[in-house]
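# Report on the structure
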Amino acid sequence: MSTTPRWRTAALFAVPVAVLLALIGPQAALAASPPAGPPLLLSSPSSPDAPAGAAEPTEPTGAAAKPPQVPAPTTHRPVGAADVHLVDSSRPDPWRPGTPARELMATLWYPAQSARGGELPYVSPELSTALYGFPDFGTVRTGVRARTVPAPGPHPLVVLSPGYGYSRTSLTALAEDLAARGYVVAALDHTYETVVRFPDGRVENCLICDRTDDAFVAEVTRSRAKDIRFLIDRLTAPGPGLVPGLVPGLRVDRSRIGAAGHSLGGASAVEAMREDGRIRAAADLDGDFFAPLPAGGLPGPVLLLGAQRHAGENPAANWDRAWQQLTGWKRWLDLPDAGHLSFCDMHWLVDAFGVRDQLPPETAPEQFGTVKGARALAATRAYLGAFFDRHLLGRPARLLDGPSAAYPEVRFAK
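Residues numbered from 1 in each chain as written. Predicted model: local features only at pLDDT ≥ 70, side-chain atom pairs only at ≥ 80, totals over all residues. Heavy atoms only, no water.

The next subject is the overall build of the protein chain. Helix and strand counts for the protein chain stand at nine helices and 12 strands. The buried share of the protein chain, taken over its 414 residues, is 60%. In the protein chain, 75% of the contacts between residues at least 6 apart in sequence involve partners at least 24 apart. Approximately 15100 Å² of the protein chain is accessible, and the part contributed by carbon and sulfur atoms is 55%. (Helix = DSSP H or I, 4+ residues; strand = E, 2+ residues; numbered from the N terminus. Buried < 20%, exposed > 50% of the residue type's maximum accessible area, 1.4 Å probe, protein only. Contact = heavy atoms within 4.5 Å. Areas by Shrake-Rupley, 256 points an atom, 1.4 Å probe, with all protein chains shown as cover.)

Listed below in structure tokens is the structure:
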């Protein structure tokens, strides 16, 4: 197990993955990808704790190759989505001196009235090229409908923050599943921490990706918390409950707001809850803490879902310290066979493109473990959904009460 913080190795890992996928080319990628299933048309499980295995993509069986598809959500409910451009004129950009306002991009996923309408691409070929050096991720299908009519609300809100150096698109599979459960989900790009493409075609690159010292990353965590809070401000602005100027008819329940994230995004979600009383629950997906938690404790519900964070090993030490400061409801779950990137789209995408065995051997085990990406995604979706169902909707969510035969790979660490 490496002693290098995982967010650093994950950020650096994006480059060899991109180069490898570019080298194998689109034809090899399509040949290795799983066949696309019907978008959002799976049967609903009998209970919120039912296993998500039915939504896992199947292995190719020799049929005509199709582009990879985001694994279908676990509930039968159409989902809409829209990309939105936000400007926070109340503060200058923290990473680009002289920029008077903080510009952000976000994607909103939400329960829709029907599955009619054009499919929202996973990512545009242009942004795929800017992020990864090749356009191939533009072939990935989603099944969600672009700016389709929202289902009657209001709906609980979950804000998502990606890993350091990663795009908001890396949380698409989690967002689609939460939206199919009935949540409005908003995933942020933290500008200048990744490549961001704005509606006018302008592309802003990462300006701080070479900064890796702990004190600076603590500053990044606090800045991300401000981004999250601003997004919540926009989605809950005073008025009749409509999301102002973003998606006509979409309504957010201001009393039911959660936050979650992967890697540094997970720690940022917990920090945002510390700063903002509107956030009622926060989930950290394998993210180390750099900004100190309050000495008096953090009383809000927190889910820690990590990989290979066994007691006595280095990855556990960071969470052991944070655990003492979490004074409300809390769970620490571990997937010993997963890796750091198993909690975002990179794992199932690498599997879909058939290149996991070709990745750098010195980092691949820590980043992906031995579990299949689809299975890691199914477990992450199930426990994240159960967490927010319990703490935002008041549902029992028995999956959180102890080990489950449906997910034997999940270990209740604390």
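On we go.
Tracing the chain through its elements places aspartate 288 in the loop between strand S9 (279-285) and strand S10 (302-307). Aspartate 288 gets classed as buried once you look at its relative accessible area, which sits at 14%.

A word on the sheet that holds strand S2 (residues 102-111). Taken together, 10 strands build an open sheet; the order of strands is S3-S1-S2-S5-S4-S8-S9-S10-S11-S12 and the sheet is mixed. Strand pairing shows two members of the sheet lacking a second neighbour, strand S3 (145-146) and strand S12 (411-412), which therefore form its edges. Judged from the six bridges that link them, strand S8 (residues 252-262) and S9 form a sheet pairing that is parallel. Its bridge partner being in S9, glycine 261 is matched across the sheet by aspartate 284. Those strands touched by helix H4 (residues 214-235) are strand S1 (79-88), S2, strand S4 (155-161), strand S5 (184-189), S8 and S9, and its axis lies near 155 degrees from that of S4. Here helix H9 (residues 373-393) sits on the sheet and contacts S4, S8, S9, S10, strand S11 (330-335) and S12; the angle it forms with S9, its principal contact strand, is near 165 degrees. (Pairing = 2+ DSSP bridges. Axes fitted to C-alpha atoms, helices over the stretch in contact; angles between N-to-C directions.)

It is worth spelling out the packing of aromatic side chains at this point. The final tally for this structure, using the stated rule, is 10 aromatic pairs. Note on tryptophan 323 and tryptophan 332: the rings are 6.0 Å apart at their centroids and 55 degrees apart in plane angle, and the pair reads as tilted. Tryptophan 332 shares its class with tryptophan 323; the two are buried. Put simply, the rings of Tyr183, Trp329, Phe387 and Phe388 pair up and form one aromatic cluster. Its guanidinium or amino end placed over the ring of phenylalanine 198, arginine 202 lies 4.4 Å from that ring's centre, counting from NZ or CZ. (Phe/Tyr/Trp six-rings, centres within 6.5 Å; stacked < 30°, edge-to-face > 60°. Lys NZ or Arg CZ within 6 Å of the ring centre and 35° of its normal.)

It is worth spelling out the pairing of S5 at this point. Counting buried residues in S5 gives six out of six residues, a clear majority hidden from the surface. In S5, alternate side chains face the same way, and those of Val184, Ala186 and Leu188 on one face and Val185, Ala187 and Asp189 on the other are all buried. Relative to S5, S2 runs antiparallel, the two sharing five bridges. Within S5, the residue paired with leucine 108 across the bridge is alanine 186. With respect to chirality, the unit in which S4 leads through helix H3 (residues 172-181) into the neighbouring parallel S5 is right-handed. (Right-handed = clockwise from strand over helix to strand, strands pointing away.)

Close contact between helix H7 (residues 345-352) and H9 brings their axes to 8 Å; oriented N to C, the two are set at 155 degrees. Classified by the interaxial angle, the pair formed by H7 and H9 is roughly antiparallel. The crossing of H7 and H9 is left-handed. Counting all contacts with H7, which are made through His347, Trp348 and Asp351, the residues of H9 involved are Gly373, Ala374 and Leu377. Tallied by class, the residues present in the contact of H7 with H9 amount to three nonpolar, two polar and one charged. (Parallel < 35°, antiparallel > 145°, perpendicular 65-115°, else oblique. Left-handed = near helix turned anticlockwise from the far one by under 90°. Nonpolar A, V, L, I, M, F, W, Y, C, P; charged D, E, K, R; others polar.)

Note on terminology: disulfide describes a covalent bond linking the sulfur atoms of two cysteines. Summed over the entire model, instances satisfying the criterion amount to one disulfide. One disulfide in the model links cysteine 206 with cysteine 209; its S-S distance is 2.0 Å. Linking cysteine 206 and cysteine 209, the disulfide has an S-S dihedral of approximately 105 degrees and is accordingly described as right-handed. Its relative accessible area of 24% is what places cysteine 206 among the partly exposed residues. (Disulfide = S-S within 2.5 Å.)

Let us now look at the environment of threonine 139. With respect to the secondary-structure elements, threonine 139 resides in the loop between helix H2 (125-132) and S3. Considering only alpha carbons, one finds threonine 139 and lysine 66, 73 residues apart in sequence, at a separation of 9.5 Å. A distance of 2.7 Å separates the side chain of threonine 139 from the backbone oxygen of aspartate 136, its partner in a polar contact. (Polar contact = N/O pair within 3.5 Å; in protein donor to acceptor, adjacent residues only side chain to side chain.)

A separate point is the packing of H4 against helix H5 (residues 264-275). One can describe the packing of H4 onto H5 by two numbers: an axis separation of 8 Å at closest approach and a directional angle of 60 degrees. The two elements H4 and H5 meet at a crossing, and its hand is right-handed. On H5, the residues touching Val217, Val220, Thr221, Arg222, Arg224, Ala225, Ile228 and Arg229 of H4 are Leu264, Gly265, Ala267, Ser268, Ala269, Glu271, Ala272 and Glu275. The residue inventory of the contact of H4 with H5, partitioned by class, reads eight nonpolar, three polar and five charged.

Mean pLDDT over the protein chain stands at 83; residues scoring 70 or higher make up 81%. Contacts of residues 19-64 to residues separated by more than four positions or lying in other chains number 95 contacts, the stretch itself having pLDDT below 50. (pLDDT = per-residue confidence, 0-100.)

This part is about H7. Since the α-helix packs 3.6 residues into each turn, any two residues three or four apart lie on the same face. Of all eight residues that make up H7, seven are buried, and the element is covered over most of its length. Listed as buried for H7 are Asp345, Met346, His347, Trp348, Leu349, Val350 and Ala352. Of the residues flanking the end of H7, it is glycine 354, one or two places downstream, whose phi is positive at about 70 degrees.

The next thing to look at is unusual backbone geometry. Look at the link from glycine 153 to proline 154: it is a cis peptide, with omega at 5 degrees. Mapped onto the secondary structure, proline 154 falls in the loop between S3 and S4. Non-glycine residue alanine 397 carries a positive phi angle of around 50 degrees. Locating alanine 397 in the fold gives a position in the loop between H9 and S12. Alanine 397 gets classed as buried once you look at its relative accessible area, which sits at 5%.

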